[in-house]
Amino acid sequence: HAFHDCAKLEDIDLTAEGSQLSSLGDCVFATGTVLDELYLPASLTDIDKLALSPCRVRYLHVELTTPPDVVITKYFSQAKLYVPKGCKARYAADKNWGKFSDIVEE
């Protein structure tokens, strides 16, 4: 619950150059508000299934080439999802990430 009830947050960018962030616990982004943007680094290897719950965000940038196994809620899936080049089909075919209607490669 790292960002629990942080109502004034607008963006969370965990992709700083040289990021060594490897894990996210459950409900880490339970901010109580809608984030404009959330950036998740490619360095993540251990993501709790509920890490992105109950987060709400407008634009989600994921650097992971393989979709992580996480719960994607109805409100979360309304975001525009940005994935690495060549990974759109992989995310669209995933049982969770396929809930996003707007997936863009960047």
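Located above this text is the structure these notes cover.
The following paragraphs examine the structure supplied in this document. Remember, predicted model here, so these are calculated numbers, not experimental data. (Residues numbered from 1 in each chain as written. Predicted model: local features only at pLDDT ≥ 70, side-chain atom pairs only at ≥ 80, totals over all residues. Heavy atoms only, no water.)

1. Regarding the overall build of the protein
Condition: Helix and strand definitions here come from DSSP, where helices need a minimum of 4 consecutive H or I residues and strands a minimum of 2 consecutive E residues; each element is numbered from the N-terminal end. Two things to know: the radius of gyration comes from C-alpha atoms, and the globule rule equals 2.2 Å times the number of residues to the power 0.38. Relative accessibility decides the category of a residue: with a 1.4 Å probe and only protein chains considered, values under 20% of the type maximum give buried, values over 50% give exposed, and everything between is partly exposed. In what follows, residue pairs with any heavy atoms lying within 4.5 Å of each other are defined as contacts. In short, Shrake-Rupley with a 1.4 Å probe defines the accessible areas, and a residue's cover is counted only from the protein chains shown. For this count, His and the chain ends are skipped, Lys and Arg are scored as positive, and Asp and Glu as negative. Charged side chains are reduced to one point each, which is NZ for Lys, CZ for Arg, CG for Asp and CD for Glu.
Looking only at helices and strands, the protein has one helix and seven strands in total. Helices (α) and strands (β) of the protein occur, in sequence order from the N terminus, as β-β-β-β-β-β-α-β. A compact globule built from 106 residues should have a C-alpha radius of gyration of about 13 Å, and the protein, at 13 Å, falls within 12% of that. Principal-axis analysis of the C-alpha atoms gives the protein an extent of 35 × 30 × 20 Å. Each of the 106 residues in the protein was classed as buried or not, and the buried ones make up 38%. Sequence-distant contacts, at least 24 apart, represent 37% of the contacts inside the protein between residues at least 6 apart. With the model as given, the accessible surface of the protein reaches about 5900 Å², and the carbon-plus-sulfur share is 48%. In the protein, 11 side chains carry a positive charge and 16 a negative one; their mean positions are 9 Å apart.

2. As for the environment of Thr15
Applied cut-off: By the criterion applied in these results, polar contacts are pairs of N or O atoms within 3.5 Å in which, for protein atoms, one can donate a hydrogen and the other can accept it, and in which residues neighboring in sequence qualify only through two side-chain atoms.
Within the secondary structure, Thr15 is located in the loop between strand S1 (11-13) and strand S2 (23-24). C-alpha separation for the pair Thr15 and Glu105, spaced 90 residues apart in sequence, amounts to 17 Å. Residues within four places of Thr15 in sequence aside, it is in contact with Tyr39, Leu40, Pro41 and Glu63. In terms of polar contacts, Thr15 uses its side chain to reach the side chain of Asp13, at 2.4 Å.

3. Details of the nonpolar core
Selection criterion: Residues grouped as a nonpolar core are buried Ala, Val, Leu, Ile, Met, Phe, Trp, Tyr and Cys residues, joined through side-chain atoms within 4.5 Å.
Counting 27 residues, the largest nonpolar core has Leu60 and Trp97 as its most contacted members. Looking at this core, the elements that each hand over two or more residues are strand S3 (34-40), strand S5 (56-62) and strand S6 (80-83).

4. A look at the packing of aromatic side chains
Ring pairs (aromatic) are described by centroid distance and by the angle formed between their planes. Selection criterion: Aromatic pairing here means that ring centres of Phe, Tyr or Trp (its six-membered ring) are within 6.5 Å. Orientation follows from the plane angle: under 30 degrees is stacked, over 60 is edge-to-face, and everything else is tilted. Criterion for a charge above a ring: Lys NZ or Arg CZ within 6 Å of the ring centre, and within 35 degrees of the ring normal.
On inspection of all chains with the given rule, the structure shows three aromatic pairs. Ring centres 5.9 Å apart and planes at 75 degrees place the aromatic pair Phe76 and Phe100 in the edge-to-face group. One end of the pair, Phe76, is in the loop between S5 and S6; the other, Phe100, is in the loop between helix H1 (88-93) and strand S7 (103-105), with 24 residues separating them in the sequence. Judged by its relative accessible area of 4%, Phe100 falls in the buried class. For Arg56, the ring lying beneath its charged end belongs to Tyr75, and the centroid distance is 4.8 Å.

5. What to know about the sheet that holds S5
The criterion, for reference: Any two strands between which DSSP finds at least two bridges are classified as paired. For helices, the fitted line uses only the C-alpha atoms of the stretch in contact; every axis is such a line through C-alpha atoms, and the angle between N-to-C directions lies from 0 to 180 degrees.
The strand order across the open sheet formed by five strands is S1-S3-S5-S6-S7, and the pairing between neighbours is parallel. Only two strands of the sheet have a single partner each, and these edge strands are S1 and S7. With strand direction ignored, the average angle separating the axes of adjacent strands in the sheet is 15 degrees.

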